[in-house]
Amino acid sequence: MQRQLFQLPKEEARSSNEEAELIVQGLNREQQEAVRTSEGPVLIIAGPGSGKTRTLTHRIAYLIAAGKARPYQILALTFTNKAAREMKERIQKLVGDTAAKGMWMGTFHATFARLLRTEADKIGFTADFSIYDTDDSERILKQLMERFRIDSKQFSTRLMRSLISGAKNGLVSPAEYARLAVTEQQAKAAQLYGPYEEALRRANAMDFDDLLIRPIELFQKSPETLERYQTRWSYVHIDEYQDTNHAQYVLAKMLADKHRNICVVGDDAQSIYAFRGADIGNILSFQRDYPDAKVIRLEQNYRSTKRILQLADSIIKRNQDRLDKELWTDNREGDYVVLMEALSEKDEAQKIERTIRDLQVRLGHTYREFAVLYRTNSQSRSIEDALRRGSIPYRVVGGTPFFQRKEIKDVLAYLRLVVNPNDTASITRVINYPARGIGEKTQEELAAFARREGVSLWQAIERVEEVGLAPRAQAAVERFRFLIAQHAAQATSRPADEIARSIAEDTGILHELHQEKTEESLMRWQNVQELISGIAEFAAERGDEAGSLSAFLQDVSLMTDADGEEEDTNRVTLMTLHASKGLEFPVVFISGLEEGLFPLSMASQERKDLEEERRLFYVGVTRAQERLFLSYARSRFRYGNQEPTVRSRFLDEIDVPDVIRTEAGGMFNGRSDRFSLGASTREISYNEMDPYYYRRNLRQNGGPQQKSRTAARKSAPSSERRVVYDEDQVGIVPGMIVEHDLFGEGKVLAIEGAGDQAKATVFFKEVGQKKLMLKFAKLRRVG
DNA sequence: AGAATGGACTTTTTT
DNA sequence: AGTCCATTCT
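Residues numbered from 1 in each chain as written. Chains lettered and ligands numbered in written order. Predicted model: local features only at pLDDT ≥ 70, side-chain atom pairs only at ≥ 80, totals over all residues. Heavy atoms only, no water.

Visitor: Can you tell me about the side chain of Arg-416, naming the residues and giving the values?
Guide: In this structure, Arg-416 sits in helix α18 (residues 406-419). The buried category is assigned to Arg-416, whose relative accessible area is 11%. With residues near it in sequence (within four places) discarded, Arg-416 still touches Ser-130, Ile-131, Tyr-132, Asp-136, Pro-421, Asp-423, Ser-426 and Leu-553. (Helix = DSSP H or I, 4+ residues; strand = E, 2+ residues; numbered from the N terminus. Buried < 20%, exposed > 50% of the residue type's maximum accessible area, 1.4 Å probe, protein only. Contact = heavy atoms within 4.5 Å.)

What follows is the structure in structure tokens.
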């Protein structure tokens, strides 16, 4: 297997300087320089739409064509599988298919999973290790929390997982973390961290974080392994460098240490993954680690119109944490950015639908030129409904991808068990699905036995006779054991898809889905069938070794939303702002620009969180090439009822004249004084927020019929929203600072209902967000 | 054991 | 509105 790794490609790269020249054509001076700077560390700081990925791609092609590197000496790390695939395709076009063969190009996670497959034994894993997604990790954590009697209501498993994940990404060991833990939550996480790691190891499983930190562990333990990879990869490239975390930073540094030919591309203003440990500081550290690094700035934007860029600039200017960059473009002025106000999320969706139709009919835009962006996945629903009603074809990126569906995950869990029976998370998932009489109590006894004996759950099942279960339960476990063992025995000898089929049949999953006879279950049945044929396809494509079941399963864990989508169809694209990173569209809609949604309420308290939201807005705006629409709804359906909303502060921050117009063509002026940004304080001083803004705003912004503004204002006191916001009746309005006997001081986020039914959503400094009945809560106004 | 019922709680974003 | 959990019923 190792030999395969270092094999030379069969055909020599056809390298000539002439071809290298061809490759750099069509780039501007800075880009050409970036491409040709082939020795030593290079840092490319580049704005949106500056062709940064293209520059990186050309650089790699240039290295090959100019004969500076063989393809197998090239490592390129990207952020998504899709980016890697596209990069590879473009390079193949530039230098030829065979000349490009053998490059290592992929996401950090996929790349190091692949590396770990060949080196797993050196750190005490086997090549068939399972890859745990968030779900699996939380399943393991839940068990541990039950064991340690940690209340999962008080300390959510999700929080525990993210704390542990943070520690792992920061390369903090369990012992260290326990020492550093300050808050109660951290203390609980510290308690879980060690056992969690142990559980994974016992299950021969790695979570997403492990795929990055185990290689580091490996390289530390075995310097000669590191040496081998260092020698092999003489050119290291990293795209979207601003989104790398500490572990990724360390890995890259280790690998590039020998040749020091490392080229990274990034834009600090587009960093939107700090929540998952990404560290913008890595860009700064790069210059510290490599003082001789060549820094190249790409500031010309080739993507957007002047107006769109002006808007983007006015947004990002508000952030304190940023490197100065002057974006400019030769593109035309372009149309106004349009701000749309809607009454509800349904109305918003309908307006988007109508606008798409209009642009398509009137200006000849095709469906694939549109993208509708939103902050949270759940927002896609109303938009999907509207598009469907208008018969506009669309595709949703993300949401619940195929491999996240329950029935698929169930079958996959069985398959993972067959490959790696020690996979505890998978056992817990399916040990009693379909129901086979292994109830909670039996499972607990098995787990307890495993713990006593210090073995994995599977090993406990193998020794079920010693556990001392009731005869009926024991027989059920024995049947389960036989089922898995029987298939495991054939795992390597039979084709992957055959194993999958017989598992789906023998477990009774197919049977159960078939029997139910509902539309829903029929869909699921089809999905399972589709999975099986997918596995067959995979095996056929890859051939024996690489097409094994275990390779398939590891691949699947690393697949994401954007992958596997056919893009050639002419459809409108719906996705989250996060998923839109790196893409561009002629026409872009950014929907749901409302306080609490974008910026998300939990992210609007701390300055650094708010700035990340703002960068996200910046990313969204800069996806647009020609036309940009921003929209918000004045009420939105959330938690089962229609709640009033307030337009996003991001809109009111916009301070460039002549860039935005309302739908009716009116001028738009933001009110920048609405949310005061304490320049010197670390936190947004929410105390300074104008509590009466909401009322005034609602009255003045007379809804869709802008013309009758004055009329609307006159009749306002008795109009639509009086019930909700009538101060005399309620006394509490959103934005107000209040005090509660128990919860202390907090800010009112929203009011709903009226009279005795009135409820307030309040964000308390101490205890977080709560919804309270005004009748009982006895809120006092502060200040 | 397992289904059924009722209640609390929920929403970030993702490799 | 949906999901997850606990309790109760069969």
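Visitor: I'd like to hear about the protein's contact with DNA strand C, residue by residue, with values.
Guide: All residues in the neighbourhood of DNA strand C are listed as Lys-142, Phe-637, Tyr-639 and Gly-640. Across the surface near DNA strand C, the residue classes tally to 2 nonpolar, 1 polar and 1 charged. (Near = heavy atom within 4 Å. Nonpolar A, V, L, I, M, F, W, Y, C, P; charged D, E, K, R; others polar.)

Visitor: Talk me through the sheet that holds strand β16 (residues 624-633); I want residue IDs and the actual numbers.
Guide: Pairing between sheet strands relies on hydrogen bonds along the backbone, with the strands arranged either parallel or antiparallel. Spatially, 7 strands are ordered β13-β14-β12-β15-β16-β11-β19 in an open sheet, and the strand pairing comes out parallel. Each edge of the open sheet is held by one strand with a lone partner, namely β13 (394-396) and β19 (660-662). This sheet shows a mean twist of 25° between the axes of neighbouring strands, independent of strand direction. Both strand β12 (residues 370-374) and strand β14 (residues 572-576) contribute to a ladder of 4 bridges, which runs parallel. Looking across to β14, one finds that Val-372 is bridged to Leu-574. Sheet strands touched by helix α15 (residues 306-316): β11 (337-342), β16 and β19. Its angle to β16, the strand with the most contacts, is close to 50°. (Pairing = 2+ DSSP bridges. Axes fitted to C-alpha atoms, helices over the stretch in contact; angles between N-to-C directions.)

Visitor: Please set out the packing of helix α16 (residues 345-363) against helix α17 (residues 380-389) residue by residue, giving values where relevant.
Guide: Relative to each other, α16 and α17 sit at 45°, their axes nearing to 8 Å. The orientation of α16 with respect to α17, classified from their angle, is oblique. Taken as a pair, α16 and α17 cross one another with a handedness that is right-handed. Contact residues: α16 offers Glu-345, Ala-349, Gln-350, Glu-353 and Ile-356, while α17 offers Ser-382, Ile-383, Ala-386 and Leu-387. (Parallel < 35°, antiparallel > 145°, perpendicular 65-115°, else oblique. Left-handed = near helix turned anticlockwise from the far one by under 90°.)

Visitor: Outline the sheet that holds strand β7 (residues 262-266), listing residues and values.
Guide: The 6 strands lie next to each other as β3-β2-β6-β7-β1-β8, forming an open sheet whose pairing is parallel. The sheet is open, and its two edges are formed by β3 (104-107) and β8 (294-298), each paired on a single side. On average, adjacent strands in this sheet sit at an angle of 15° to one another, irrespective of strand direction. Here 4 bridges tie strand β1 (residues 42-46) to β7, and the two strands are oriented parallel to one another. For Ile-45, the partnering residue across the bridge sits in β7 and is Gly-266. Against the sheet, helix α14 (residues 281-289) makes contact with β1, β7 and β8, and its axis sits at roughly 145° relative to β1, the strand it touches most.

Visitor: Any chance you could break down unusual backbone geometry for me, citing the residues and the numbers?
Guide: Across the chain, the bulk of peptide bonds are trans and the bulk of non-glycine residues have phi less than zero. Following Tyr-433, the chain continues into Pro-434 via a peptide bond in cis, with omega recorded as -10°. By secondary structure assignment, the location of Pro-434 is in the loop between α19 (424-430) and α20 (440-453). With an omega of 10°, the peptide bond running from Phe-598 to Pro-599 counts as cis. Among the secondary structure elements, Pro-599 is positioned in the loop between β15 (585-590) and α28 (607-621). A positive phi angle is found at Asn-204, which is not glycine, with a value near 50°. Along the chain, Asn-204 turns up in the loop between α10 (184-202) and β5 (205-207). For Glu-240, which is not glycine, the phi torsion reads 50° and is therefore positive. Within the fold, Glu-240 resides in the loop between β6 (235-238) and α13 (246-256).

Visitor: Quick rundown of the packing of aromatic side chains? Include the residues and the values.
Guide: In this structure the tally under the stated criterion is 15 aromatic pairs. Pairing Tyr-229 with Trp-233 gives two aromatic rings, centres 5.3 Å apart and planes at 35°, and the pair type is tilted. By the burial criterion, Tyr-229 is buried, and Trp-233 matches it. Note on Tyr-273 and Phe-275: the rings are 5.6 Å apart at their centroids and 40° apart in plane angle, and the pair reads as tilted. Assessed through its relative accessible area of 9%, Tyr-273 is described here as buried. Through pairs of rings, three or more aromatic residues link up here, namely Trp-104, Phe-219, Tyr-229 and Trp-233. The positively charged end of Arg-307 is found above the aromatic ring belonging to Tyr-336, 4.0 Å away from the centroid. The cationic tip of Lys-406 hangs over the ring face of Tyr-433; the distance from NZ or CZ to the ring centre is 4.1 Å. (Phe/Tyr/Trp six-rings, centres within 6.5 Å; stacked < 30°, edge-to-face > 60°. Lys NZ or Arg CZ within 6 Å of the ring centre and 35° of its normal.)

Visitor: How would you explain the nonpolar core if you had to name every residue and give the values?
Guide: Side chains of a nonpolar character, in soluble globular proteins, are inclined to be buried together. Residues Leu-415, Leu-446 and Phe-480 are the most contacted members of the largest nonpolar core, which totals 51 residues. The element best represented in this core is α18, accounting for 9 residues. Excluding its chain neighbours within four sequence positions, the residues that come into contact with Phe-480 are Tyr-414, Leu-417, Ile-427, Val-430, Ile-431, Arg-436, Ile-438 and Ile-461. Grouped together as the second largest cluster of nonpolar side chains are 43 residues, Ala-113, Ile-283, Ala-293 and Leu-558 included. (Core = buried A, V, L, I, M, F, W, Y, C linked by side-chain atoms within 4.5 Å.)

Visitor: Mind laying out the pattern of salt bridges, listing which residues take part and the relevant values?
Guide: What the rule picks out here adds up to 51 salt bridges. Residues Arg-416 and Asp-136 are paired through a salt bridge, measuring 3.2 Å at the closest nitrogen-oxygen approach. Of this pair, Arg-416 sits in helix α18 while Asp-136 sits in helix α7 (residues 134-147), and the two are 280 residues apart along the sequence. Note on accessibility: Arg-416 and Asp-136 belong to one class, buried. Residues Asp-289 and Arg-288 are paired through a salt bridge, measuring 3.9 Å at the closest nitrogen-oxygen approach. (Salt bridge = Lys/Arg side-chain N within 4 Å of Asp/Glu carboxyl O.)

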